[in-house]
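The chain contents come next:
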Amino acid sequence: MKLHYIKEPSLEFGRGSHVCPRAGITEYDVYDTRLKIRRERVLIGAVGTSDMLSKLHAWLDKCSQLIPPQANSRQPNLRVAFCGFRTDLGFRSELVIDEEITRTLSHSDINEIIKIKSWNERVDATVELYYRQAKFLAQNRVVDVIACVLPAKLYDCISKSDVSLVEESLEDKDEQDNDDLEVNFRRALKARAMHLGKPLQIIRETSLEPNSRGQQDDATKAWNLCTALYYKTNQTVPWKLSTNINRPSVCFVGISFYRSRDRRILNTSLAQIFDELGNNVILRGNPVDLGKKDRRPHLSAEQAFELLKRALIEYEIALDTSPARLVLHKSSKYSDEELDGFEAATREMRVRKIDFVTILDSDFLLLRGNDYPAYRGMHVEFDDNNHLLYTRG
């Protein structure tokens, strides 16, 4: 076993480079200030009750100014001041929200949903309530991103303590066949609104309350929300990895599997492709079945070939060239059929160097000798094929 430390990669910003996204934006501006076509106004459409919209207005107004870091923080390098979302510094843009691009929900509609006894039906009703208004904004108003603000009393009724409101792949949850996991508000609403072509930002009421207990400090919340809003708007680029001209161009592709919403299809494959600017494209593949041996979803050789070929074509269209190297990530082990299909696709698309990577959780724990966690970037090499990388410290 060998131990290595992988140095933090340098990130490029508008006027320089830095290893920290927050410090880089503050000192050197977002990367796309180098582009002449960028806009300086981000139009925030919003859906919520009148009081939720008022809180969103107030919070975005606060984010237009400097927010100092948490006093007496034990993590001063992590909990840094928010530079303010403004045109003369950092993001070099302003967040614009106005009554013309907001839709107000009635409290009576919210209360009617809360009275619904079935949790699944409450989630479905909430999705429908927000989707209708988001659809109106997307089709009838000029907006860059649509914020859906959830009152605390509604959030409490559609969330469960054992259910995280994040994307959950089949592989994350193994073989669970739980309807509660399937009917997840966040992914259900985003899936329903995907055809609208406008990104959604789901915001809890507690996230808009300054200095609220149990929440991150205000500066950290501002960084998280504003960076997300900026990234989701018109393919903007807050920062990008510094390019090493001596290294071949690399295409990163991640393969995931998801259960279809209509339950008619067991699993659907997705490929996410990242280009050199960090922009990404998601391709939906064909339905797949669980493997008989490991009960994991696997692609046939033909499905693997078609999905990866489409991914490489998307990369070629974006950069006008084929990648010299492909790094393919998957959260389950590769079957022989998948390897055959992927390798055939790379041969046809003239990609010479390929890395097949399986990413799994590990129970291995590395400590620094003082009960502190390992540094981010620590790399444990067990053998040629098995490695452990700390992406957080």
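Residues numbered from 1 in each chain as written. Predicted model: local features only at pLDDT ≥ 70, side-chain atom pairs only at ≥ 80, totals over all residues. Heavy atoms only, no water.

Enquirer: Explain the overall build of the chain to me, using residue names and the numbers behind them.
Expert: Counting its regular elements, the chain contains 10 helices and 19 strands. Taking all 393 residues of the chain together, 42% fall into the buried category. For the chain, the proportion of contacts with a sequence separation of at least 24, taken over those separated by at least 6, is 65%. Just so you have it, the chain exposes about 22,200 Å², and 48% of that area is on carbon and sulfur atoms. (Helix = DSSP H or I, 4+ residues; strand = E, 2+ residues; numbered from the N terminus. Buried < 20%, exposed > 50% of the residue type's maximum accessible area, 1.4 Å probe, protein only. Contact = heavy atoms within 4.5 Å. Areas by Shrake-Rupley, 256 points an atom, 1.4 Å probe, with all protein chains shown as cover.)

Enquirer: Mind laying out a nonpolar patch on the surface, listing which residues take part and the relevant values?
Expert: Together, M1, F364 and F382 line one region of the surface with nonpolar side chains, adding up to about 310 Å² of accessible area. Summarising the element assignment, M1 is placed in the segment before β1 (2-5). (Patch = residues over 30% accessible without salt bridge, like charges linked within 9 Å, V, L, I, M, F, W, Y side chains within 5 Å. Salt bridge = Lys/Arg side-chain N within 4 Å of Asp/Glu carboxyl O.)

Enquirer: Give a detailed account of the nonpolar core, specifying residues and quantitative values.
Expert: I44, L56, L60, F82, F85, F91 and L95 are the most contacted members of the largest nonpolar core, which totals 32 residues. Those elements that place two or more of their residues in this core are β4 (41-49), α2 (50-63), β9 (145-150) and α8 (218-232). Broken down by element, this core gets its largest block of residues, seven residues, from α8. Setting aside residues no more than four positions away along its own chain, L56 makes contact with A46, I97, A147, V149, I203 and L208. In this structure, I110, L154, Y155 and I158 belong to the second largest nonpolar core, which totals 30 residues. (Core = buried A, V, L, I, M, F, W, Y, C linked by side-chain atoms within 4.5 Å.)

Enquirer: Tell me about the packing of helix α4 (residues 119-140) against helix α7 (residues 185-193), and name the residues and values.
Expert: If you want to describe how two helices pack, look at the angle between their axes and the distance between the axes. Axis separation between α4 and α7 bottoms out at 10 Å; the angle between their running directions is 40°. If you check the angle between α4 and α7, you find them oblique. As α4 runs across α7, the sense of the crossing is right-handed. Contacts from V123, T126, V127, E128, Y130 and Y131 in α4 reach F185, A188, L189, R192 and A193 in α7. (Axes fitted to C-alpha atoms, helices over the stretch in contact; angles between N-to-C directions. Parallel < 35°, antiparallel > 145°, perpendicular 65-115°, else oblique. Left-handed = near helix turned anticlockwise from the far one by under 90°.)

Enquirer: Summarise the pattern of salt bridges; cite the residues concerned and give the values.
Expert: The full count for this structure, using the stated rule, is 18 salt bridges. In this structure, the salt-bridge partner of D218 is K62, at a minimum N-O distance of 2.6 Å. With a gap of 156 residues between them, D218 in helix α8 and K62 in helix α2 connect regions that are remote in the sequence. Relative accessible area serves as the criterion here: at 5%, D218 is assigned to the buried category. Take K62: its relative accessible area is 29%, and that puts it in the partly exposed class. Residues E112 and K115 are paired through a salt bridge, measuring 3.6 Å at the closest nitrogen-oxygen approach. One end of the pair, E112, and the other, K115, are both in helix α3 (residues 107-115), three residues apart, so they sit about a helical turn from each other. The network of salt bridges with shared partners includes R15, D29 and R92.

Enquirer: I'd like a description of the sheet that holds β1, backed by residues and values.
Expert: Sheet strands pair by backbone hydrogen bonding; their relative direction is either parallel or antiparallel. Within the open sheet, the three strands sit side by side as β1-β18-β19. Their pairing is antiparallel. Strands with a single pairing partner mark the edges of an open sheet, and in this sheet they are β1 and β19 (387-389). If you compare each strand with its neighbour and ignore which way they point, the axes differ by 15° on average. Pairing of β1 with strand β18 (residues 378-381), which is carried by four bridges, proceeds in the antiparallel orientation. Looking across to β18, one finds that K2 is bridged to E381. (Pairing = 2+ DSSP bridges.)

Enquirer: Describe the sheet that holds strand β2 (residues 11-12), with residues and values.
Expert: In space, the three strands of this open sheet follow the order β3-β2-β11, with antiparallel pairing throughout. Single-partner strands in this sheet number two, and they are β3 (17-18) and β11 (240-241). Bridge count between β2 and β11: two bridges; the pairing is antiparallel. Across the sheet, L11 pairs through a bridge with L241, a residue of β11.

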